[in-house]
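In case you want the letters, here they are:
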Amino acid sequence: MLKDIVISRAIIETYFRELLEHLNLDVAIVGAGPSGMVAAYYLAKGGAKVAIFEKKLSIGGGIWGGAMGFNKIVVEEEAKEILDEFDVRYEEFERGYYVADAIEAATTIASKTVKTGVKIFNMIEVEDLVVKKNRVAGIVINWTPVKMTSLHVDPLTVEAKFVIDSTGHGAQIAQFLEKRGLIERVPGEGAMWAEMGEKLTVEHTKEVYPGLYVTGMAANAVAGAPRMGPIFGGMFLSGRKAALEILEKLKK
C-alpha cells in the first residue's frame, strides 16, 4: 500500500543527499544550455566531479525552439563529430550544413550528460560568486522563486575549483566580477553575423579570471563578439574546449 509520507521522504532525503554530495566540486557550471551541457559531459567523462545549476525549470537553453519556433538547428562540418558523439541524428542540407531536430538534440544531449555522471540542479539561481585570494572559488545559490519574488532570504555556497559561465547572452556570472571591478566591462554581444559568431565563440572560450571560464554566447558577450542565431556548432565546440582545458588544469 502506497503511503504519501514515504513518497515525500523518498524525494526529500534523496534530493538533499545529492545536494550535500555536490557542495564541493571540481567544476560548477552555471546554465544548462548546449555549451554548458556539452562541457559537463566531457568533464564527467574525464573524471571530474561536476554539477550544473540552472535557474529555469527546463534545461537546454535556447535550443528547443530552433529559429522562430521552427524546431530545427544547423551544425557546421567542424562540429558534426559532437552530434556523432551524442548519437544525435542529422541530415546534410548542403555541403557543410547539417540539420538536426532541436528536440532530439536537447533531450539526447541532456540524457547522455546526466548518464555520464553530471548532476543537474534546476530551479536554482546563482546570485553571486565566491572569490578568495583573487580567484573564483565557488558559487552562491538560492531558489529561483526566492529571486523572482525578491524575498530577503540568504543564500548558500557551493565550493568549486573552477566555475563555468554558460548563462548565454547575458553573461550573468561574468557580470558579477565586472560589478566589482575585477574584470573589464562586459560589452554584450554584437549584431548577428553567423560566420564570425561561430568562429569567435570558440576563440573567446577561455578563463577570463582565475577560476572562471566563459562558454557559448557568454563568451561572445564578454568579448563583444557577434551573435550567430540558430547554428549551434560553436556552442558545442565551445563547451568541449572549456572542458578539455579545465581537465588539463585539474591534473596539475
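Residues numbered from 1 in each chain as written. Predicted model: local features only at pLDDT ≥ 70, side-chain atom pairs only at ≥ 80, totals over all residues. Heavy atoms only, no water.

Peer 1: Before we go on, may I ask you to explain helix α9 (residues 233–251) in this structure?
Peer 2: Each α-helix turn comprises 3.6 residues. Residues three or four places apart therefore point the same way. Across its 19 residues, α9 extends 28 Å between first and last C-alpha, which sits within 8% of the 27 Å expected from 1.5 Å per residue. Within α9, burial applies to Gly233, Gly234, Met235, Phe236, Leu237, Ser238, Gly239, Ala242, Ala243, Ile246 and Leu247. (Helix = DSSP H or I, 4+ residues; strand = E, 2+ residues; numbered from the N terminus. Expected span 1.5 Å × (residues − 1). Buried < 20%, exposed > 50% of the residue type's maximum accessible area, 1.4 Å probe, protein only.)

Peer 1: Is there a simple way to think about the pattern of salt bridges in this case?
Peer 2: Should the charged atoms of two oppositely charged side chains come close, the side chains can pair. Under the definition given, this model contains 16 salt bridges. With its nearest N and O atoms 3.2 Å apart, the salt bridge here joins Arg89 to Glu104. Taken together, the residues span a long stretch of sequence, with Arg89 in the loop between α3 (80–85) and β4 (91–94) and Glu104 in helix α4 (residues 102–115) at a distance of 15 residues. For Glu104, a relative accessible area of 15% puts it in the buried group. The closest approach of N and O atoms between Arg227 and Glu189, which form a salt bridge, is 3.7 Å. (Salt bridge = Lys/Arg side-chain N within 4 Å of Asp/Glu carboxyl O.)

Peer 1: Which parts of the structure should I look at to understand the environment of Val202?
Peer 2: Locating Val202 in the fold gives a position in helix α7 (residues 194–203). Placed 184 residues apart in sequence, Val202 and Glu18 show a C-alpha to C-alpha distance of 32 Å. Apart from residues no more than four positions distant in its own chain, Val202 is found in contact with Gly234, Leu237, Ser238 and Lys241. (Contact = heavy atoms within 4.5 Å.)

Peer 1: Mind showing me how you'd approach the layout of surface pockets here?
Peer 2: Empty space among the atoms can be located by rolling a probe the size of a water molecule over them. As a volume, the largest pocket reaches approximately 710 Å³. Every residue lining the largest pocket is counted, 38 residues in all, and those nearest its centre are Gly61, Gly62, Thr167, Gly168 and His169. Elements represented by at least two residues in the lining of the largest pocket include exactly α2 (34–45), β2 (50–54), β7 (124–131) and α8 (216–223). Here the lining of the largest pocket is built from residues that sort into 16 nonpolar, 17 polar and five charged. (1 Å grid on protein atoms, 1.4 Å probe; cavity = no way out; pocket = protein on both sides within 12 Å on 5 of 7 lines; lining within 4 Å. Points joined across faces, edges and corners; volume = space filled by probe spheres on them. Nonpolar A, V, L, I, M, F, W, Y, C, P; charged D, E, K, R; others polar.)

Peer 1: Would you explain the packing of aromatic side chains in this entry?
Peer 2: In this description, an aromatic ring pair is defined by two values, namely the gap between the centres and the angle between the planes. The full count for this structure, using the stated rule, is eight aromatic pairs. A ring pair is formed by Tyr41 and Phe86, whose centres lie 4.3 Å apart and whose planes are at 45 degrees; its orientation type is tilted. Taken together, the residues Tyr41 in helix α2 and Phe86 in the loop between α3 and β4 connect sequence positions 45 residues apart. Residue Phe86 is classed as buried on the basis of its relative accessible area of 0%. Sitting over the ring of Tyr98, Lys80 keeps its end group 5.3 Å from the ring centre. (Phe/Tyr/Trp six-rings, centres within 6.5 Å; stacked < 30°, edge-to-face > 60°. Lys NZ or Arg CZ within 6 Å of the ring centre and 35° of its normal.)

None of this, on its own, says anything about what the molecule does.
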